[in-house]
Amino acid sequence: MLHETDDIPLSADVIVFGAGIAGHCAALAAAEYGLQVLLLEKASQAGGSSAMAGGGFIFAGTDLMKEAGYDDGPEELRERLFLSGKNKNNPDLVDAYVNHQLEAYEFLKKHGAKFKLSAMDRCLHETGTGRVITNMHMAARAHSNIIYASKCAGMKLFRDAENGRVKEAMVAFGDRIMAIEARRGVVLATGGFSRSRELLGIFAPELLDAVKHGGVANTGDGIIMACDLGAGLADLGYVSGSFGGAIRNYPHGVQGADEVPPLLFSFMAGGIMVNVEGRRFVNEGQNYKALGSAGMCQTGGVAFQIFDAKLLNTAIDDSSVNNYPQGIANGYIRTADTIPELAASMQIDPVVLEQTIDRYNASVCSGSDPDFGRTSNLIPVDTPPYCIAASANALTSTYGGITTNRDMAVVDWMAEPIPGLFAAGEVVGGFHGAGYYSGTSLSSSSTFGMLAGRAAATFTPI
């Protein structure tokens, strides 16, 4: 999957920063116009957060849906987006996504993506973790108009003194600082800032100690470069974690700088959660975003997911989510044949934990949960081996950033486009609003990347 050049040109028609799914779609879309495209990735390997995501894409009105008899169309999708975003979404971005998402679906398929419908949501199209980004990277490598380089970070953008067009980018490539001319435009697809303590300290200080799960190069470079030119910002007040980031070797483990821990959401499938005191504290049937605040309120911001062999046997081995065997092998999940042994492995009071599980199992048998009102996936925890995973809020993505118009041109605080500058993916704010519709990250990044690449390629310098 790696392809590195010994050198990069000092000019290109379009420069794309970031080789996640948004960046690849932008590069391939721009290259279709016969232009020379320079696709630059800060990390040593392409993919970023896109390669770690679960592989689900939200599309409406696809051939697969029609074959299955589902008639959800653009209007239903639009309603879901505003509902999940609590009507705080930018309508222009929602419309751009809804109106072009089927084009993006076909665009991805043209470059090798293979989809199947999920049983979880009839608009959710599954691909497997990292597969689509591999397809797109192979397509980019094979395209004669695209030059790809890794270990190349964007540092600063420069505007023409006469017309204000973004015309040049300063980059760090290996041990060199270089200036590269952009003859048409620049696309920022650099991801979020989940790995930047500086930006988290400014926009989401409560998540400074969250388990970091985004791309290892997600340090907010695109936001910084765009803001330096006056770009506006959106949705940064809604940055939130997802409860379910696993902690290795608890209580002695420390997350490494480049460590990407697994995401475990066993509680949504029938597992339970307890705090360090060994007691349940929440209705586990809610989604991982809703559980974030409840988990953070526990002692040390830590809770323990507990499940048994029934869930262990449902492990998803082609995903970064709920891959239980891998979690066990890598020290994130511990197993035991008895509940007291399980408790001891995490320094939880064995008597309290056994009482908690006995009470929960009795409630399941009665068909209700009088303690927290759980109604979904009421499954007893009664079949060894038992599993436990120390968990905390995981910062998988930041979903807030610079503002764009519906053509993905970056705009300033007065909503005026910054000539020659475009953006797509997690670096853009405004699409998700105050919430997150699960599965729209990859599909919106693909759609907006495609649109940004087209816009940059057709931009006429003043």
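Note: the structure precedes this text.
Quick caveat, the model's predicted, so the values are computed rather than measured. (Residues numbered from 1 in each chain as written. Predicted model: local features only at pLDDT ≥ 70, side-chain atom pairs only at ≥ 80, totals over all residues. Heavy atoms only, no water.)

Peer 1: Even after reading the chapter, I still don't get the packing of aromatic side chains, so can you show me in this structure?
Peer 2: Aromatic ring pairs are reported here in terms of the distance separating the ring centres and the angle at which the planes meet. Following the criterion strictly, the structure yields 14 aromatic pairs and no others. Relative to Phe448, the ring of Tyr97 has its centre 6.3 Å away and its plane inclined at 65°; by these criteria the two rings are edge-to-face. On the criterion of sequence distance, the pair formed by Tyr97 in helix H4 (residues 91-110) and Phe448 in helix H14 (residues 440-458) is long-range, its members being 351 residues apart. Given the relative accessible area of 0%, Tyr97 is considered buried. Here the aromatic rings of Tyr105 and Phe115 are separated by 5.1 Å at their centres, their planes lie at 35°, and the arrangement is tilted. (Phe/Tyr/Trp six-rings, centres within 6.5 Å; stacked < 30°, edge-to-face > 60°. Helix = DSSP H or I, 4+ residues; strand = E, 2+ residues; numbered from the N terminus. Buried < 20%, exposed > 50% of the residue type's maximum accessible area, 1.4 Å probe, protein only.)

Peer 1: Just to check I follow, could you spell out the nonpolar core for this structure?
Peer 2: Core analysis: the largest hydrophobic core is formed by 101 residues, its most contacted members being Ile8, Leu40, Leu108, Leu157, Leu188 and Leu421. Not counting the four nearest positions on each side in its chain, Leu108 is found in contact with Ile21, Cys25, Phe57, Phe59, Ala113, Phe115, Val132, Met136 and Ser446. Counting 38 residues, the second largest nonpolar core, distinct from the first, contains Ile247, Tyr386, Ile388 and Tyr436. (Core = buried A, V, L, I, M, F, W, Y, C linked by side-chain atoms within 4.5 Å. Contact = heavy atoms within 4.5 Å.)

Peer 1: What should I look at first to understand the side chain of Arg280 in this one?
Peer 2: By the secondary structure assignment, Arg280 is in the loop between strand S13 (272-274) and helix H9 (291-296). Its relative accessible area of 10% is what places Arg280 among the buried residues. At a separation of 2.8 Å, a polar atom in the side chain of Arg280 contacts the side chain of Glu284. A polar contact of 3.0 Å, which involves the side chain of Arg280, links it to the side chain of Asp369. Non-local contacts of Arg280, meaning those with residues more than four positions away in its chain, are made with Ile272, Met273, Val274, Thr356, Tyr360, Asp369, Asp371, Phe372 and Arg374. (Polar contact = N/O pair within 3.5 Å; in protein donor to acceptor, adjacent residues only side chain to side chain.)

Peer 1: Explanation requested: the state of the cysteines in the structure shown.
Peer 2: Note on terminology: a disulfide is the covalent bond linking the sulfur atoms of two cysteines. This structure, assessed with the given rule, holds zero disulfides. Summary of cysteine pairing: Cys123 is not part of a disulfide, and the nearest cysteine sulfur, belonging to Cys25, is at 19 Å. (Disulfide = S-S within 2.5 Å.)

Peer 1: What exactly am I supposed to notice about the sheet that holds strand S3 (residues 56-58) here?
Peer 2: In a beta sheet, neighbouring strands are held together by backbone hydrogen bonds and run either parallel or antiparallel to one another. The three strands are arranged S3-S5-S4 in an open sheet whose pairing can be described as antiparallel. Looking along the sheet, the strands with just one partner apiece sit at the ends: S3 and strand S4 (116-117). Where S4 meets strand S5 (residues 124-126), two bridges bridge the pair, whose relative direction is antiparallel. The partner of Leu117 across the bridge, within S5, is His125. (Pairing = 2+ DSSP bridges.)

Remember that the coordinates give geometry; whether it matters functionally is a separate question.
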